[in-house]
Amino acid sequence: MLTQPHPASSRPGSLRRFFEVLGESSWSLIKLNVLFLISCLPLLTLGPALTALSACIRELIEGDLREERPFHSYRVFFVSCFRVSFFWGLAVLAAGSILITAVLFYGKQAGENWFFVPLTALSLLAILLLGGFFIHLFPFLSEDKKPDLPRLAVLTALERMGKTLTAFLISAVLLCIQVLFLPVSLPLLLSLGFAVPALICGLAHTEGPEDINASGPFGKNH
């Protein structure tokens with residue numbers, strides 16, 4: 001079954017569209033979640049996995065993903081974007097590991113020495129800004145092969161700052177809750193644990209009535 005696409009002029013708001021996709025395409029989200037987990041198991045393939053998941057989520061939002069063929073779409077994006085997204089995945093792993101370690105270390109020290117409080121805050125801010133950047137970078141990697149994609153991701157994140165940071169914070173909280181409540185939350189993690197945060201971030205990236213117009217990063221003027 002193919003979900004009917006939403007023209008830009010009649011596209012519903014992000015919250016309404018979130019529940020529409022969740023209700024209409026829950027089985028596709030589960031399939032994509034499983035495919036993502038399998039394809040990023042070595043961790044080194046996190047970049048292509050994130051790119052493929054972002055691309056399929058975008059198609060779900062726009063009504064272009066056939067529910068009986070999520071594996072085909074995921075495989076196409078994973079393979080075609082492997083080279084361009086591989087090193088960005090390593091960057092996510094490296095930056096994430098360093099910053100999370102910094103937050104844990106500085107946060108622990110801040111309880112004994114106020115000197116570490118601003119360092120903890122700066123580490124959290126860095127995670128927030130990098131998260132907003134990656135929310136837009138990985139979808140862009142599947143949309144185009146232009147060399148200035150990092151710059152476009154930064155500009156898009158800045159232009160949709162509120163929506164981007166809100167999506168990242170909600171997604172991060174959902175993932176943290178699932179990790180904290182393991183193994184109780186394992187069924188949720190395996191079924192929708194990554195697909196739902198990806199949907200939230202995808203809605204922050206996808207153009208809507210309130211977002212950038214056709215002259216945006218991938219609009220008619222580019």
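Attention in this report is confined to the structure presented alongside it. Throughout this description, residue numbers start from 1 for each chain and increase along the sequence as written. At least 70 in pLDDT is required for a residue's local features to be given in this predicted model, at least 80 for side-chain atom pairs to be given and counted, and no such filter applies to totals for whole chains, interfaces and linings, which use all residues. Hydrogen atoms and water are omitted, and side-chain values are computed over all heavy atoms in the structure.

Interaxial angles span 0 to 180 degrees and are taken between N-to-C directions of axes, which are lines fitted to C-alpha atoms, for helices over the stretch in contact. Numbering of helices and strands runs from the N terminus; a helix is a DSSP stretch of H or I covering at least four residues, while a strand is a stretch of E covering at least two. With their axes 9 Å apart at the nearest point, helix H3 (residues 46-62) and helix H10 (residues 195-205) run at an angle of 70° to one another. When the axis of H3 is compared with that of H10, the two are roughly perpendicular. At the point where H3 passes H10, the crossing takes the right-handed sense. Between H3 and H10, the residues in contact are Leu53, Ile57 and Ile61 and Ala195, Ala198, Leu199, Gly202 and Leu203, respectively. Three classes are used: nonpolar for Ala, Val, Leu, Ile, Met, Phe, Trp, Tyr, Cys and Pro, charged for Asp, Glu, Lys and Arg, and polar for all others, with Gly counted as polar. Grouping the constituent residues of the contact of H3 with H10 by class yields seven nonpolar, one polar and no charged. Here is the rule for angles: anything less than 35 degrees is roughly parallel, anything more than 145 is roughly antiparallel, 65 through 115 is roughly perpendicular, and the remaining ranges are oblique. Take the far helix as your reference; a near helix turned counterclockwise from it by less than a right angle gives a left-handed crossing, and one turned clockwise gives a right-handed crossing. Contacts: residue pairs with any heavy atoms within 4.5 Å of one another.

Let's shift gears to helix H1 (residues 14-24). The set of residues buried in H1 consists of Arg17, Phe18, Glu20 and Val21. One side of H1 holds all its buried residues, which, seen down the axis, span an arc of 165°. Residues Leu15, Arg16, Phe19 and Gly23 are exposed on H1 and point more than 90 degrees away from its buried face. Residues of H1 that are buried in the fold lie against helix H2 (26-39), H3 and H10. Exposure categories follow from relative accessible area, calculated using a 1.4 Å probe and restricted to protein chains: below 20% of the type maximum is buried, above 50% is exposed, and the middle band is partly exposed. Summarising the geometry, the arc corresponds to the directions from the helix axis toward the C-beta atoms.

A few words now on unusual backbone geometry. That bond from leucine 182 to proline 183 is cis: its omega, 5°, falls within 30 degrees of zero. Residue position: proline 183 is located in the loop between helix H8 (161-180) and helix H9 (186-191). Positive phi, close to 70°, is recorded for leucine 43, a residue that is not glycine. You can see leucine 43 is positioned in the loop between H2 and H3.

Attention now moves to the pattern of salt bridges. Think of a salt bridge as a Lys or Arg side-chain nitrogen and an Asp or Glu carboxyl oxygen that are within 4 Å of each other. Counted according to the given criterion, the structure contains four salt bridges. The partner of glutamate 20 in a salt bridge is arginine 17, and the shortest N-O contact between them spans 3.0 Å. Taken as a pair, glutamate 20 and arginine 17 lie in helix H1 at a separation of three residues, close to a single helical turn. Note on arginine 17: relative accessible area 2%, which makes it buried. Linking arginine 58 and glutamate 143 is a salt bridge whose minimum nitrogen-to-oxygen distance equals 3.4 Å. A residue pair is termed long-range when its members are at least 10 positions apart, and arginine 58 in helix H3 and glutamate 143 in helix H6 (residues 117-143) qualify at 85 residues. According to the relative accessible area criterion, arginine 58 is buried, its value standing at 13%. Residues joined by salt bridges that share partners form a network here, namely Arg16, Arg17 and Glu20.

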